[in-house]
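# Survey of secondary and tertiary structure
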Amino acid sequence: MAELDVNWVRAQFPAFSEPSLQGQAFFENAGGSYICKPVIDRLTRYYTQRKVQPYAPYDASRLAGEEMDEARARLAAMMGVDTDELSFGPSTTQNTYVLAQAFRQHLSPGDAIVVTNQDHEANSGPWRRLADEGFDLREWQIDPETGHLAPAALKDLLGDGKVKLVCFPHCSNVVGEINDVKAICATARAAGAYTCVDGVSYAPHGFVNVDDLGADIYLFSAYKTYGPHQGIMVIRRALGETLPNQAHYFNADSLYKRFTPAGPDHAQVAASAGMADYMEALAKHHGATGDAVQLAAAAHTLMRDHEVKLLQPLLDYATAKNSVRLLGPSVAANRAPTVSLASGIPGEDLAAALAPKGIMAGGGDFYAVRALQAQGVDPAHGVLRLSFTHYTTEEEVAKLIDALDQVL
């Protein structure tokens, strides 16, 4: 496949032609990405032409419902799952909390749940609270030097057969290492446990085939994948129909409604189809053909190849710099382009020093308090986090490295 046409890519994002953002290099994508034009266009159309209660017989309402259905159908197809296995919620944090309540009702006291200390708190805290209900919470701990989750340690936690659920991230929002989701899911399944995968930090770098990964639950946030502020949740049918309904009783027979007790944001759900528009256009622009899964895979490859090429120089710089500690792997192929640097300077102060130099970045704990503490980093001191995606250019990375060299 051809090398990523980054100029074409950036033309799909209005932020890059916005005068107020000129001269600024955006390196806080892990907190939320720029939104692509197809999403903006669909959102505008919905608010101007379809802002009525959907699914009624009159045209504006009928079209509103059809656009909401289109978003679910197309995103589900790209992820290799049935349309009703994908649902929308107000946020991934909220979706996870609802899931935790369903498992609280489904499991029995004494059953065990595995969580990690590599996670963002959204995929850890709701499960940890179940310890108060009599469930056995087991922590799969990272290596304090590398931030790595060792597969052997998981097998030890699964050994007695009491674990019913394993919750872990596709990649951490501060460590950045890409976990072997397929292998972890296979290990958990062999031990009789379900899996809940937090894909929030990985999904901006390519939509995954959930069926191929073998995850029972896969969660991510649309506002980090070039779309609106919605949480997207895939629950495979066998599990989704087993867990207790969390929505209105009359929605119990609808899989995509069972775990969304709040009413959906109609406009944002409909606009999410724009993410599928963009991913398919990206793949086709570079010569890809095939069905939704194949086009998503092609876009994924294009994005990752470009990111890996740009990421390695930044990792090399950080590794060679004695005044900072790079969290996570130093090899680009093993991680997402989310780079956390610990130093003697508080993370927020470093971010503030970079801002006048045209670098948009963030500092702090990023709700990964447990992961930082496990690696010996004071969360109050925090880290500088530099995160980018496929629309970032080599020139912007060079600008970042130069600015870092000035402030460190």
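This write-up is about the structure you can find in this document. Please read these numbers as outputs of a predicted model, since none were measured by experiment.

## A word on the sheet that holds strand β12 (residues 362–364)
The strands making up a sheet are joined through hydrogen bonds of the backbone, oriented either antiparallel or parallel. The strand order across the open sheet formed by four strands is β9-β10-β13-β12, and the pairing between neighbours is antiparallel. The sheet is open, and its two edges are formed by β9 (324–326) and β12, each paired on a single side. Neighbour-to-neighbour, the strand axes of this sheet turn through a mean angle of 30°, independent of strand direction. Sheet topology note: the strand β10 (residues 338–343)/strand β13 (residues 383–387) ladder contains four bridges and is antiparallel. Paired with Thr338 across the two strands is Ser387, which belongs to β13.

## Regarding the pairing of strand β6 (residues 194–198)
Of all five residues making up β6, four are buried, and the element is well covered by its neighbours. Here strand β5 (residues 163–169) runs beside β6; their pairing, made up of five bridges, is parallel. Bridged to Leu165 within β6 is Tyr194. What joins β5 to β6 is helix α7 (residues 181–190), and the crossover it makes is right-handed. One ladder, built from three bridges, connects β6 with strand β7 (residues 217–221); its direction is parallel. Along β7, the bridge assignment pairs Asp198 with Leu219.

## Some points on the nonpolar core
The tendency in soluble globular proteins is for nonpolar side chains to be buried side by side. Within the largest apolar cluster, 73 residues are counted, with the highest numbers of intra-cluster contacts made by Phe13, Val166, Tyr218 and Leu282. For Val166, the residues in contact, after removing those within four places along its chain, are Val114, Leu154, Leu158, Ala188, Ala193, Tyr194, Thr195 and Cys196. Listed in part, the 27 residues of the second largest apolar core include Ala318, Leu326, Val339 and Ala361.

## Examining the pattern of salt bridges
Using the criterion set out here, one finds 26 salt bridges in the structure. One salt bridge in this structure joins Arg237 and Asp82, with 3.1 Å as the shortest N-O distance. In this pair, Arg237 sits in helix α9 (residues 237–240) while Asp82 sits in the loop between α3 (59–78) and β2 (86–89), placing the two residues 155 residues apart along the sequence. Linked through salt bridges whose partners overlap, the residues forming this network are Arg42, Glu70, Arg74, Asp277 and Glu280.

## Structural notes on the sheet that holds β7
With respect to topology, seven strands assemble into an open sheet ordered β2-β8-β7-β6-β5-β3-β4, the strand pairing being mixed. In the strand order of this sheet, the two ends are held by β2 and β4 (136–140), each with one partner. The sheet shows a mean angle of 20° between the axes of neighbouring strands, direction not considered. Bridge count for strand β3 (residues 112–116) against β5 is three bridges, and the pairing is parallel. When the bridges of β5 are listed, Ala112 appears paired with Val163.

## Some words on the packing of aromatic side chains
Tallying each qualifying case throughout the model produces 17 aromatic pairs. Grouped by ring-pair contacts, the aromatic residues Trp8, Phe13, Phe16, Phe26, Tyr34, Tyr226, Tyr278 and Tyr391 constitute a single cluster. Across from the ring centre of Phe16, 3.9 Å away, lies the NZ or CZ of Arg10, which sits over that ring.

## Focus: the packing of helix α13 (residues 347–354) against helix α15 (residues 394–407)
The geometry of a pair of packed helices is captured by two quantities: the angle between their axes and the separation between those axes. In contact at an axis separation of 10 Å, α13 and α15 are set at 115° when each is read in the N-to-C sense. Handedness of the crossing formed by α13 with α15: right-handed. Contacts from Leu350, Ala353 and Leu354 of α13 reach α15 at Ala403, Leu404 and Val407. When the residues that make up the contact of α13 with α15 are grouped by side-chain class, the tally is six nonpolar, no polar and no charged.

## A few points about the layout of surface pockets
Volume-wise, the largest pocket comes out at about 410 Å³. Lining of the largest pocket is provided by 20 residues; of these, Tyr256, Lys257, Thr260, Gly263 and Pro264 occupy positions nearest its centre. Secondary structure elements with two or more residues in the lining of the largest pocket: α3, β2 and α10 (266–271). It is α3 that provides the largest number of residues to the lining of the largest pocket, a total of three residues. Tallied by class, the residues present in the lining of the largest pocket amount to 10 nonpolar, seven polar and three charged.

## Re the environment of Glu121
Structurally, Glu121 can be placed in the loop between β3 and α5 (125–128). Overall, the relative accessible area of 26% leaves Glu121 in the partly exposed class. Sequence separation between Glu121 and Tyr367 is 246 residues, and the spatial gap between their C-alpha atoms is 5.6 Å. Residues within four places of Glu121 in sequence aside, it is in contact with Pro126, Tyr367 and Arg370.

## Considering unusual backbone geometry
In this structure, Tyr55 is a non-glycine residue whose phi angle is positive, near 75°. Tracing the backbone shows Tyr55 in the loop between α2 (37–49) and α3. Of the residues examined, Tyr55 reaches a relative accessible area of 46% and is grouped as partly exposed.

So, how was this worked out
Residues numbered from 1 in each chain as written. Predicted model: local features only at pLDDT ≥ 70, side-chain atom pairs only at ≥ 80, totals over all residues. Heavy atoms only, no water. Pairing = 2+ DSSP bridges. Helix = DSSP H or I, 4+ residues; strand = E, 2+ residues; numbered from the N terminus. Axes fitted to C-alpha atoms, helices over the stretch in contact; angles between N-to-C directions. Buried < 20%, exposed > 50% of the residue type's maximum accessible area, 1.4 Å probe, protein only. Right-handed = clockwise from strand over helix to strand, strands pointing away. Core = buried A, V, L, I, M, F, W, Y, C linked by side-chain atoms within 4.5 Å. Contact = heavy atoms within 4.5 Å. Salt bridge = Lys/Arg side-chain N within 4 Å of Asp/Glu carboxyl O. Phe/Tyr/Trp six-rings, centres within 6.5 Å; stacked < 30°, edge-to-face > 60°. Lys NZ or Arg CZ within 6 Å of the ring centre and 35° of its normal. Left-handed = near helix turned anticlockwise from the far one by under 90°. Nonpolar A, V, L, I, M, F, W, Y, C, P; charged D, E, K, R; others polar. 1 Å grid on protein atoms, 1.4 Å probe; cavity = no way out; pocket = protein on both sides within 12 Å on 5 of 7 lines; lining within 4 Å. Points joined across faces, edges and corners; volume = space filled by probe spheres on them.

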